[in-house]
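# Observations on the three-dimensional arrangement
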Amino acid sequence: MVEARLWKGLKDGKVQCRLCNHFCAIRPGELGRCGVRKNVDGTLHALNYGKIAALNLDPVEKKPLYHFQPGSRTFSFATMGCNLGCRFCQNASLSQPPRTGRPPAGTDMTAEELVAGALEHGAASISYTYSEPTIFFEIMQDTARLAVEHGLKNIMVSNGFMSSECLEELAPVMHAANIDLKGFTEDFYKKQCDARLAPVLDNLRHIRSLGWWLEVTTLLIPGLNDSRSELESMARFLAEELGPEVPWHLSRFHPDYKMQDRPPTSVDSLEMAHAIGREAGLHYVYIGNVPGNDYAKTLCPGCGTVLMDRLGFSVGASLIRDGKCTRCGRVIDGVDLG
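Along each chain, the written sequence defines residue order, and numbers are assigned to residues from 1. Where local features are concerned, this predicted model is filtered to residues with pLDDT of at least 70; where side-chain atom pairs are given and counted, the filter is 80 or more; whole-chain, interface and lining totals use all residues. Note that the side-chain values use all heavy atoms of the structure and ignore hydrogens as well as water.

## Examining the sheet that holds strand β6 (residues 43-46)
Our working definition: Strands are treated as partners if at least two bridges between them are detected by DSSP. What counts as a helix is a DSSP run of H or I of at least four residues, what counts as a strand is a run of E of at least two, and both are numbered from the N terminus.
What the 3 strands build is an open sheet, ordered β1-β6-β5; its pairing is antiparallel. Of all the strands in the sheet, just β1 (2-3) and β5 (37-40) have a single pairing partner and so form its edges. When β1 meets β6, the two strands line up antiparallel, connected through 2 bridges. Of the residues in β6, the one forming a bridge with Glu3 is His45.

## What about the environment of Thr107?
As a reminder of what qualifies: Throughout this description, buried means an accessible area under 20% of the type-specific maximum (1.4 Å probe, protein chains only), exposed means over 50%, and partly exposed covers the range between.
Inspection of the secondary structure assignment puts Thr107 in strand β10 (residues 107-108). Assessed through its relative accessible area of 52%, Thr107 is described here as exposed.

## Section: helix α6 (residues 197-210)
In an α-helix there are 3.6 residues to a turn, and that puts residues three or four apart on one side. Applicable threshold: Given a helix with a known number of residues, its expected span is that number minus one, times 1.5 Å. Should any heavy atoms of two residues lie within 4.5 Å, those residues are counted as being in contact.
For α6, built from 14 residues, the straight-helix expectation of 20 Å at 1.5 Å per residue is met to within 8% by its first-to-last C-alpha distance of 20 Å. Check the buried side of α6 and you find it contacts α4 (164-170), β13 (176-180), α5 (186-193), β14 (213-220) and α7 (228-242).

## Comments concerning the sheet that holds strand β2 (residues 7-9)
Here 3 strands make up an open sheet; going across it, the order is β2-β3-β4 and the pairing antiparallel. A single partner strand is all that each edge strand has here, and the edge strands are β2 and β4 (25-26).

## Details of the pattern of salt bridges
Put simply, the test is: Basic side-chain nitrogens of Lys or Arg form a salt bridge, by our definition, when they fall within 4 Å of a carboxyl oxygen of Asp or Glu.
Tallying each qualifying case throughout the model produces 16 salt bridges. With its nearest N and O atoms 2.5 Å apart, the salt bridge here joins Arg18 to Glu165. With Arg18 in the loop between β3 (15-17) and β4 and Glu165 in helix α4, this residue pair connects regions lying 147 residues apart in the sequence. Residue class for Arg18 comes out partly exposed when judged on its relative accessible area of 22%. Glu165 sits in the partly exposed class, given a relative accessible area of 26%. Residue Glu232 is joined to Arg228 by a salt bridge in which the shortest nitrogen-to-oxygen separation is 3.8 Å. Here Arg228 and Glu232 lie together in helix α7, a separation of 4 residues that amounts to about one turn. Assessed through its relative accessible area of 29%, Glu232 is described here as partly exposed.

## Some details on the packing of α7 against helix α8 (residues 267-279)
What counts, and what does not: Axis definition: a line fitted to C-alpha atoms, limited for helices to the stretch in contact. Angles are taken between N-to-C directions and run from 0 to 180 degrees. Note on convention: the crossing is left-handed when the near helix lies turned anticlockwise from the far helix by less than a right angle, right-handed when the turn is clockwise. Nonpolar residues are Ala, Val, Leu, Ile, Met, Phe, Trp, Tyr, Cys and Pro. Charged residues are Asp, Glu, Lys and Arg, and all others, Gly as well, are polar.
With their axes 9 Å apart at the nearest point, α7 and α8 run at an angle of 40° to one another. Between α7 and α8 lies a crossing whose hand is right-handed. Taken together, the residues of α8 that come into contact with α7 (itself represented by Arg228, Leu231, Glu232 and Ala235) are Met272, Ala273, Ile276 and Gly277. For the contact of α7 with α8, a count of residues per class yields 5 nonpolar, 1 polar and 2 charged.

## Observations regarding the packing of aromatic side chains
Defined as follows: Classification of ring pairs uses Phe, Tyr and Trp, with its six-membered ring standing for Trp, and accepts pairs whose centres are within 6.5 Å; under 30 degrees between planes counts as stacked, over 60 as edge-to-face, and the remaining range as tilted.
Overall, the coordinates contain 6 aromatic pairs when judged by the stated rule. Consider the rings of Phe184 and Phe237, whose centres lie 5.8 Å apart with planes at 50°: the pair is tilted. Taken together, the positions of Phe184 in the loop between β13 and α5 and Phe237 in helix α7 put the pair 53 residues apart, joining distant regions of the chain. Taken together, the ring pairs in this structure connect Phe77, Tyr128 and Phe136 into an aromatic cluster.

Structural data, given as structure tokens:
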């Protein structure tokens, strides 16, 4: 347990956490909504610092990031906990226990050990992922700073509900993010995620302004966030406010956690959403969790050439040279594409 960052004292021994848009006001001896930040005698402490509960060497495509160092490996870790309570969470055993009162479990590791592990395994980057990295901000920030010193890139895979202060603190050391845009109505965010939509949209704009490479993922849940009108509104937001070069990943839902009553997303629904994204002007729209689907390929927005073919998380030979399509010469958006 270490003193937390991004908080301020209030009256009567209360403290306010400033990490995410819940801005929890926490009484002495109590926890924030995430279950991993505790007011101890008027000082906010992080209960999960360095308690690593998941650790893997992943293809960067698993994040998913398709336009950031494609074909590379990223050293990925998480602690337990989350600031949201999504009923459809597909990592609930990792993210949700602290919200129900269980202390965060994990193997104690330092930032130095995590960076050494990334270097030892030949990773090009470190990813803060699996659960919600906002709630393990302190070990993320320490690790990210050290990673930069050793020539590694940093990737945040997040629900996007962090505070603007959190983003500004990470601005000097973060290079890429994949943000979940879980739906496009306040009603969905309130009922299904215990959160709000507006801060996520603000943070997406903020991330673009910071210059990080950004990709967006939406899990399509049958009957909840997959109507044509909602998807059209979402696609317009992405294309017009974030830019047509921002990749949009459409991911297939499968029944999990508290949402066992819905069927998996149909391929027809995913392909409808793909068409909506392309009609809105997005250059790169992908379908995930459907092995062998043609819409995992990267196409040149100019001439339509298949630039990168994918099977699962494996990437075939690239037809991008010096950041351009080898057939028509168009610049392909991304970082270290070839």
